[in-house]
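Residues per chain, in single letters:
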Amino acid sequence: MALANSAINALHHLCEVPVLLFTYVLQCLSLRVDRQHQEDAFAKAQLFYVLGLTALKQLVSIETAERLQLKAMEETNSKPAAGENESDSMNKELGFGSHECKRHAIQELAQKRKAAILSNSIWSEHAPGVVSACKQKPPRNEETPFERICAVMCLCNLMIVSEEFCSRNLNLLFTIVANKHEMWVVKTNIVVALGDLACVHPNLLGPYLKEPTTGFFKLLVDDDIRVRAVTIQVCSHLVLGEMLRIRDHLYTIVKLVADPDPTIAKNAETFVQNLAIKEKEKTGNLIPPLVTQLSNVMPADKFQLALRTLLEKVEGDKPIESLVERLCQRFEAYSEKSKKRLALARNIAFCLSELSYGSERLVKRITSETCYQQYRLWLRDPEIFDLFKVIAAKAKRSGRVGVERRDKTVIEEWESRMLAEVGGDEKQVEEEEDVEEDSG
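Residues numbered from 1 in each chain as written. Predicted model: local features only at pLDDT ≥ 70, side-chain atom pairs only at ≥ 80, totals over all residues. Heavy atoms only, no water.

**Student:** Can you walk me through the pattern of salt bridges in this structure?
**Tutor:** A side chain of one charge can pair with a side chain of the opposite charge when the charged atoms of the two come close. Scanning the model with the defined rule gives 18 salt bridges in all. The closest approach of N and O atoms between Glu 354 and Arg 308, which form a salt bridge, is 3.5 Å. Residue Glu 354 is found in helix 18 (residues 339-354), and its partner Arg 308 is found in helix 16 (residues 300-311); the two are separated by 46 residues along the sequence. On the accessibility criterion, Arg 308 (29% relative accessible area) is partly exposed. Glu 421 serves as the salt-bridge partner of Arg 376, at 3.0 Å between the closest nitrogen and oxygen. With Arg 376 in the loop between helix 20 (369-375) and helix 21 (382-396) and Glu 421 in helix 22 (residues 408-439), the pair connects residues that are 45 residues apart, well separated along the chain. Residue Glu 421 is classed as partly exposed on the basis of its relative accessible area, which comes to 22%. Ionic contacts of the salt-bridge type, sharing partners, join the residues Glu 63, Glu 66 and Lys 114 into one network. (Salt bridge = Lys/Arg side-chain N within 4 Å of Asp/Glu carboxyl O. Helix = DSSP H or I, 4+ residues; strand = E, 2+ residues; numbered from the N terminus. Buried < 20%, exposed > 50% of the residue type's maximum accessible area, 1.4 Å probe, protein only.)

**Student:** What is the right way to read the nonpolar core from this model?
**Tutor:** Generally speaking, soluble globular proteins have nonpolar side chains that are buried together. Ranked by internal contacts, the top residues of the largest apolar core, which has 124 residues, are Phe 216, Leu 307, Leu 352, Tyr 357, Tyr 375 and Phe 388. Each of domain 1 (1-69 + 106-161) and domain 2 (316-332 + 345-439) gives at least three residues to this core. Ignoring anything within four residues of it in the chain, the contact list for Phe 388 reads Phe 331, Ala 349, Leu 352, Ile 366, Tyr 375, Leu 379, Trp 414 and Met 418. (Core = buried A, V, L, I, M, F, W, Y, C linked by side-chain atoms within 4.5 Å. Domains from an automatic or database assignment. Contact = heavy atoms within 4.5 Å.)

**Student:** Honestly, the layout of surface pockets in this entry has me stumped. Any pointers?
**Tutor:** Leftover empty space is mapped by rolling, across the atoms, a probe with the size of a water molecule. Approximately 440 Å³ is the volume attributed to the largest pocket. As for the largest pocket, its lining consists of 20 residues, and the residues nearest its centre are Lys 114, Ile 160, Val 161, Ser 162 and Glu 163. Broken down by secondary-structure element, the contributors of at least two residues to the lining of the largest pocket are helix 3 (41-78), helix 5 (99-117), helix 6 (122-135), helix 7 (146-161) and helix 8 (163-178). Taken together, the residues that form the lining of the largest pocket break down as 10 nonpolar, five polar and five charged. (1 Å grid on protein atoms, 1.4 Å probe; cavity = no way out; pocket = protein on both sides within 12 Å on 5 of 7 lines; lining within 4 Å. Points joined across faces, edges and corners; volume = space filled by probe spheres on them. Nonpolar A, V, L, I, M, F, W, Y, C, P; charged D, E, K, R; others polar.)

Here it is, written out as structure tokens:
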């Protein structure tokens, strides 16, 4: 395969019209397959591999020629026109020979040449055979399933070349990648191809990539480490490049911070860091739903690792105030028996403790009666209570150096109220015992 790849690259760079040699080579390979009555799997694999690669190279040739023609036109138009006569001026006014007209003609010709790749050509002749091979069930016990691997690679390349062909076979591609019995090599090749297709045909891929139940997102939790590793890389590239919008299902990537494979976990962590930088102004909107979605699928240490990076990027009184209010609203009704609710409450308290409380406005929000009633009963949990003590300590020292906070009294009253909430019952018992001793 490496030799074939090098040979095709050489033809592509050295030949003025490589399509002629591409057609000749494909005809020879096709003839060899026909002579062996379609029984030689390796010969068919060679045909599929060369078929897809040459189609892709032909597309590159057309796009290169288009860019060169447009560049030459720009250079010509940038030079001052000499000896312009009345006829030239009239043609310009009518739009004939104008800059935009020439550009349109070049682009239209390129589009026709692209469409011709899979229309009445050697590639269109073999395209049905490629689709037929991909529709077959994946081999299980075959040691060298090159035919299927090359057929799927060829299908992906032809879909990149032609938007119409892509539209017809997208369902087939997602069916293959969603098959749990499919080989990891095939799945990883499809994932990489989906990244390319999302760039080339974004309107076609958009509806498929929005659904978290499609094969693409299922691969984020695939049993094979190699498949998960490639998927997280491609998915991160698409999300950060704004070619894939999965805000409602962002947790599918973020939860991979807890993946057992260190490489995948590191890639997911890097994704979260890059996302926090890129979505800095919108980070506060991402956190509340993530807290709820991740609390029951990630251990506490991994949750804190993933969310701390996002929380650090929330800056400004107004965004922090809004986030505090929305996080407090996420506290569920108190329950001593529910482990899920306790995990969620602890994670919310952690997020609140990571925020800054440097202004009176933020202290007023966290100590407000509305917010206090949301977390009041959860203060009975020692871990949650300790996190709120961290918030109080942080609020006290957040003022300017050498200047005492004007809301220091508010903070101290809030601390006393929380202490009373936690130790109220114990104090009441102690007081009753003291009364009994005095009366005795």
